[in-house]
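Summary of structural features
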Amino acid sequence: IRYFDTAPLYGTGNGEKRYSKILSNKQRDDFIISTKCGRIILSEKEKNDSTKPKFLPGIGYTGDENIRFDFSEDGIKRSLDESLQRLKLNYIDILLLHDADVENLEKEALETSFPTMLKLRDEGIVKAIGCGMNQWEMPSRFIDEFDLDVVLLAGRFTLLDHSSFETFLPKCLEKNVKIILGGPFNSGILADDNLGGNSLFNYENVPKDILIRAKKLSKISEKYKIPLKAAALQYVMSYPAVISTIPGPENIKELLNNIENCNLDIPQNFWIDLIENNLIPQNAFYPK
């Protein structure tokens with residue numbers, strides 16, 4: 001495993017600090033790391049400044065009074081500088097603009113954030129730039145405007161959500177924008193062997209129509225004796241623009257299970273069966 005994703009938001013900087021304990025002792029060209037910008041961790045003085053806007057939590061996160069959105073040029077540069085300090089690195093492989101949709105910061109992203117990130121890439125402090133969020137429409141507009149390298153897209157291309165399939169994914173192929181696919185299990189339901197009342201879909205209770213489709217997927221998986229988790233992982237990884245996926249294991253057991261499921265042999269008839277049952281698009285790319 002050579003690619004790692006983090007952000008200042010994760011653990012209020014602790015996600016980056018924990019990676020540094022291991023990665024700072026490795027050869028720098030032996031791994032790739034992505035972190036994010038657009039939120040800064042406040043100093044004590046800044047936390048007491050009542051004139052500044054408060055943090056608005058992103059999807060799936062609780063609010064944190066120690067963090068504030070900042071899409072300005074100074075904010076982007078400060079975020080990167082502080083990430084480099086926490087990670088104990090002298091450059092970042094991939095810098096992603098984080099959750100521009102949460103506070104509707106699209107205008108500032110276009111006018112300030114991405115031009116700043118392009119300069120940082122030109123300077124070599126970051127090797128690649130892009131954005132990370134839970135929708136595809138805004139990233140689609142971003143890649144129309146800027147020469148971005150990568151989009152971290154969470155949950156919008158899965159066995160249960162094909163909303164990005166017809167428009168966004170082909171555009172990424174055309175523009176040579178790589179996709180890191182977050183949330184391949186849609187936050188839980190596609191990794192749930194029981195599909196019971198505790199299943200989650202996009203961090204919330206599962207809508208009835210989604211649960212029905214998930215059960216149809218599960219039934220066909222059982223027919224071929226394939227774990228639904230394996231189908232979910234291999235499906236998203238099959239698309240040629242997708243270079244990696246982030247399943248989010250909680251422990252070593254889940255990590256090893258993900259590796260096993262990625263390497264499992266799935267017959268082509270399984271994917272054809274899904275297409276014929278209208279569970280994935282008719283023109284879906286599926287593993288050969």
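Residues numbered from 1 in each chain as written. Predicted model: local features only at pLDDT ≥ 70, side-chain atom pairs only at ≥ 80, totals over all residues. Heavy atoms only, no water.

1. Topic: the packing of aromatic side chains
The condition that has to hold: Ring pairs are drawn from Phe, Tyr and Trp, using the six-membered ring of Trp, whenever the two centres fall within 6.5 Å, and their geometry is named by plane angle: stacked under 30 degrees, edge-to-face over 60, tilted for the rest. Secondary structure elements follow DSSP: runs of H or I of four or more residues count as helices, runs of E of two or more count as strands, with numbering from the N terminus. For each residue, the accessible area found with a 1.4 Å probe, counting protein chains only, is set against the maximum for its type, and the residue is called buried under 20%, exposed over 50%, and partly exposed in between. Whether a charge sits over a ring comes down to the Lys NZ or Arg CZ being within 6 Å of the ring centre and within 35 degrees of the ring normal.
Following the criterion strictly, the structure yields 12 aromatic pairs and no others. The interplanar angle of 65 degrees and the centroid separation of 4.8 Å between the aromatic rings of Phe 114 and Phe 142 together place this pair among those described as edge-to-face. In this pair, Phe 114 is assigned in helix H4 (residues 106-123) and Phe 142 in helix H5 (residues 137-145), connecting sequence segments 28 residues apart. In terms of burial, Phe 114 and Phe 142 fall into one category: buried. Plain terms: the ring middles of Phe 165 and Tyr 239 are 6.1 Å apart, the flat faces sit at 70 degrees to each other, and that makes the pair edge-to-face. Taken together, the positions of Phe 165 in the loop between strand S7 (150-154) and helix H6 (168-175) and Tyr 239 in the loop between helix H8 (228-238) and strand S11 (242-246) put the pair 74 residues apart, joining distant regions of the chain. Overall, the relative accessible area of 7% leaves Tyr 239 in the buried class. Members of the aromatic cluster, each reached through a chain of ring pairs, are Phe 157, Phe 165, Tyr 224, Tyr 235, Tyr 239, Phe 270 and Trp 271. Positioned above the aromatic ring of Tyr 91, the side-chain terminus of Arg 28 is 4.0 Å from the ring centre. Of note, Lys 127 hangs over the ring of Tyr 91, and the distance from its end group to the ring centre comes to 4.7 Å.

2. Some thoughts on the environment of Glu 166
For Glu 166, the position within the fold is in the loop between S7 and H6. Judged by relative accessible area, Glu 166 falls into the exposed class, the value being 54%. Taking C-alpha positions, Glu 166 is 15 Å from Ile 275, a pair spaced 109 residues apart along the chain.

3. Describing a nonpolar patch on the surface
Keep this limit in mind: What makes a patch is a set of residues exposed beyond 30% relative accessible area and free of salt bridges, joined within 9 Å when like-charged and within 5 Å when nonpolar (Val, Leu, Ile, Met, Phe, Trp, Tyr). Under the convention used here, a 1.4 Å probe and the Shrake-Rupley method define accessible areas, while residue burial counts only the protein chains that appear. Here, a salt bridge means any Lys or Arg side-chain nitrogen found within 4 Å of an Asp or Glu carboxyl oxygen.
Taken together, the side chains of Ile 1, Ile 252, Leu 256 and Ile 259 define a hydrophobic patch exposed on the protein surface, amounting to about 420 Å² of accessible area. Checked against the element boundaries, Leu 256 lands in helix H9 (residues 252-263).

4. Focus on the pairing of strand S5 (residues 92-98)
The following threshold applies: Two strands qualify as a pair provided that DSSP identifies no fewer than 2 bridges between them. Seen with its strands pointing away from the viewer, a crossover is right-handed when the path leading from the first strand over the helix to the second is clockwise.
Within S5, seven of the seven residues are buried, which leaves the element mostly enclosed by the surrounding structure. Across four bridges, strand S2 (residues 32-37) lies against S5 in parallel orientation. Considered in S5, the bridge of Cys 37 is made with Leu 97. For the segment spanning S5, H4 and strand S6 (residues 126-133), crossover handedness is right-handed.

5. Considerations on the pairing of S6
Taken across its eight residues, S6 has seven buried, putting it largely inside the fold. In terms of strand pairing, S5 meets S6 through six bridges, oriented parallel. Bridging from a neighbouring strand, Ile 94 pairs with Ala 128 of S6. With respect to chirality, the unit in which S6 leads through H5 into the neighbouring parallel S7 is right-handed.

6. Section: helix H3 (residues 73-87)
Every α-helix carries 3.6 residues per turn, so stepping three or four residues along brings you back to the same face. Cut-off, in case you're wondering: One less than the number of residues in a helix, times 1.5 Å, gives the span that helix is expected to have. In this description, one arc is meant: the one made by directions from the helix axis to the C-beta atoms. The contact criterion used throughout is that any non-hydrogen atoms of two residues lie within 4.5 Å.
The end-to-end C-alpha distance of H3 is 21 Å, a good match for the 21 Å that 15 residues give at a rise of 1.5 Å each. When H3 is considered as a whole, its buried residues turn out to be Gly 75, Ile 76, Ser 79, Leu 80, Ser 83, Leu 84, Arg 86 and Leu 87. Down the axis of H3, the sector holding all buried residues measures 165 degrees, keeping them to one side. Summarising the geometry of H3, the exposed residues directed more than 90 degrees from the buried face are Asp 74 and Gln 85. Considering only its buried residues, H3 is in contact with helix H1 (14-23), S2, strand S3 (39-41), S5, H4 and S6. Once H3 finishes, Lys 88 follows within two positions and takes phi at roughly 60 degrees, a positive value.

7. Brief notes about the confidence of the model for the chain
This is how it is decided: Per-residue confidence from the predictor is given as pLDDT, running between 0 and 100.
When pLDDT is averaged along the chain, the result is 91; 93% of the residues meet or exceed 70. With pLDDT under 50 throughout, residues 55-62 is counted as low confidence; its partners more than four residues away or in other chains account for 21 contacts.

8. A short note on the sheet that holds S6
Going by this rule: The axes used here are C-alpha line fits, helices contributing only the stretch in contact, and every angle between their N-to-C directions lies in the interval 0 to 180 degrees.
Pairing in this open sheet of seven strands is parallel, and the strands run S1-S2-S5-S6-S7-S8-S11 from one edge to the other. Each edge of the sheet is formed by a strand with only one pairing partner; in this case those strands are strand S1 (3-5) and S11. The average angle at which neighbouring strand axes cross in this sheet is 25 degrees, direction not considered. Note that strand S8 (residues 178-182) and S11 share four bridges and pair parallel. Looking across to S11, one finds that Gly 182 is bridged to Ile 246. Relative to S6, H4 is tilted by about 150 degrees, and along the sheet it contacts S2, S5 and S6. Against the sheet, H5 touches S6 and S7, its axis set at about 145 degrees to S6.

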